[in-house]
Amino acid sequence: MKEKLKVCKVCGKEMAANAKACPSCGAKNKKPVFKKWWFWLIVVVIVAAVGAGAGGSGEAPQGGGGQQDGGSQQQPISYTAYEVSQLMDDLSGNAMKAESTYKNQYVALSGRLGVIDSSGKYISIYSADDPFDFIGVTCYLKNDAQRQQVMEMSVDDVITVRGKITSVGEVLGYSLNVTDFGE
Ligand SMILES: [Zn+2]
């Protein structure tokens, strides 16, 4: 095997590439940096970082695909129909299970309108079966169109509220962000 030669950086004479020092001038034969393991580690790290960065900006065109996903998310949300009484029964039976069942779920809740907040922030609906139920579902209104619809309602009306349940608590009952009022 032919010995590799290199040129000494100090004196310019040829020497064995793997020599520890130049035989002519005694200067240390430094290995080129790219022969050191940590150099390649750094390269790999940088490439990975740049790749991740490029992947990040690459999500802009992929965002086109993401928008297609968004398009599928724009499919009508399916609301699961419940009576408020069922939610309240589940809550009193097992609040933890009720939370895992209903939290973040889109629901169409039918119940008795019990409270209309005078400032129009929310309405509360209760079990239609139990006139003495004082824990129910607090339904937060998000816009004036909804408040306008609530204007037409009266306490004790049985209504259907569609929206997403945002919290479940055994003391305060359920909270829901109103999407709209169903039939
Ligand atoms: Zn030398």
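The rules we used
- Residues numbered from 1 in each chain as written.
- Predicted model: local features only at pLDDT ≥ 70, side-chain atom pairs only at ≥ 80, totals over all residues.
- Helix = DSSP H or I, 4+ residues; strand = E, 2+ residues; numbered from the N terminus.
- Buried ≥ 20, exposed ≤ 12 C-beta atoms within 10 Å, placed from the backbone.
- Contact = placed C-beta atoms within 7 Å.
- Core = buried A, V, L, I, M, F, W, Y, C linked by C-beta atoms within 7 Å.
- pLDDT = per-residue confidence, 0-100.
- Arc of directions from axis to C-beta.
- Pairing = 2+ DSSP bridges.

### Details of the overall build of the chain
1) Next: Assigned secondary structure in the chain consists of 4 helices and 8 strands.
2) Next: Each helix (α) and strand (β) of the chain, taken in turn from the N terminus, gives the series β-β-α-β-α-α-β-β-β-α-β-β.
3) Next: In the chain, which comprises 183 residues, the proportion classed as buried is 17%.
4) Next: In the chain, of all internal contacts separated by at least 6 residues, the share reaching a separation of at least 24 is 49%.

### Some remarks on unusual backbone geometry
1) Next: A positive phi angle, close to 70 degrees, is found at N104, a residue other than glycine.
2) Next: By the secondary structure assignment, N104 is in the loop between helix 3 (95-102) and strand 4 (106-116).
3) Next: For N104, a count of 11 C-beta atoms within 10 Å corresponds to the exposed category.
4) Next: Phi angles above zero are rare outside glycine, and D156 is one such case at about 85 degrees.
5) Next: With respect to the secondary-structure elements, D156 resides in the loop between helix 4 (144-151) and strand 7 (158-169).

### Here we look at the nonpolar core
1) Next: Membership of the largest hydrophobic core comes to 23 residues, with the highest contact counts inside it found for V84, L87, L109, I125, V137 and Y174.
2) Next: Taken together, the elements giving at least two residues each to this core come down to helix 2 (84-93), helix 3, strand 4, strand 5 (122-126), strand 6 (137-140), strand 7 and strand 8 (173-182).
3) Next: With sequence-adjacent residues up to four places away left out, Y174 is seen in contact with L87, Y102, V137, T138, I165 and V168.

### With respect to the confidence of the model for the chain
Predicted coordinates in regions of low pLDDT should not be interpreted in detail.
1) Next: Residues of the chain with pLDDT of at least 70 account for 86%, and the chain-wide mean is 86.
2) Next: The element-level mean pLDDT for the chain is lowest in helix 1 (residues 37-73), coming to 69, with strand 6 highest at 97.

### Brief notes about helix 2
1) Next: Turning to helix 2, its buried residues number three or more, namely V84, L87, M88 and L91. When helix 2 is viewed along its axis, its buried side chains cluster within an angular range of 95 degrees and face the same direction.

### What about the environment of G182?
1) Next: Within the secondary structure, G182 is located in strand 8.
2) Next: Residue classification places G182 among the partly exposed positions, given that 14 C-beta atoms sit within 10 Å.
3) Next: The spatial distance from the C-alpha of G182 to the C-alpha of L109 is 8.8 Å, given a sequence separation of 73 residues.
4) Next: Setting aside its immediate chain neighbours within four residues, G182 contacts A108, T160 and R162.

### Quick notes on the pairing of strand 5
1) Next: Taking burial as the measure, the 5 residues of strand 5 include 4 buried ones, the bulk of the element.
2) Next: Note that strand 4 and strand 5 share 4 bridges and pair antiparallel. Bridge pairing links I116 to I123 in strand 5.
3) Next: Two elements, strand 5 and strand 6, share 4 bridges in a ladder whose sense is antiparallel. If you follow Y122 over to strand 6, its bridge partner there is Y140.

### Looking at the pairing of strand 7
1) Next: Sheet topology note: the strand 4/strand 7 ladder contains 7 bridges and is antiparallel. Across the sheet, S110 pairs through a bridge with T160, a residue of strand 7.
2) Next: As judged from the 9 bridges shared by strand 7 and strand 8, these two strands associate in the antiparallel manner. Residue pairing for strand 8: G169 is matched across the bridge by G173.
3) Next: Taking the residues that link successive antiparallel strands as the turn, the strand 7-strand 8 hairpin has 3 residues.

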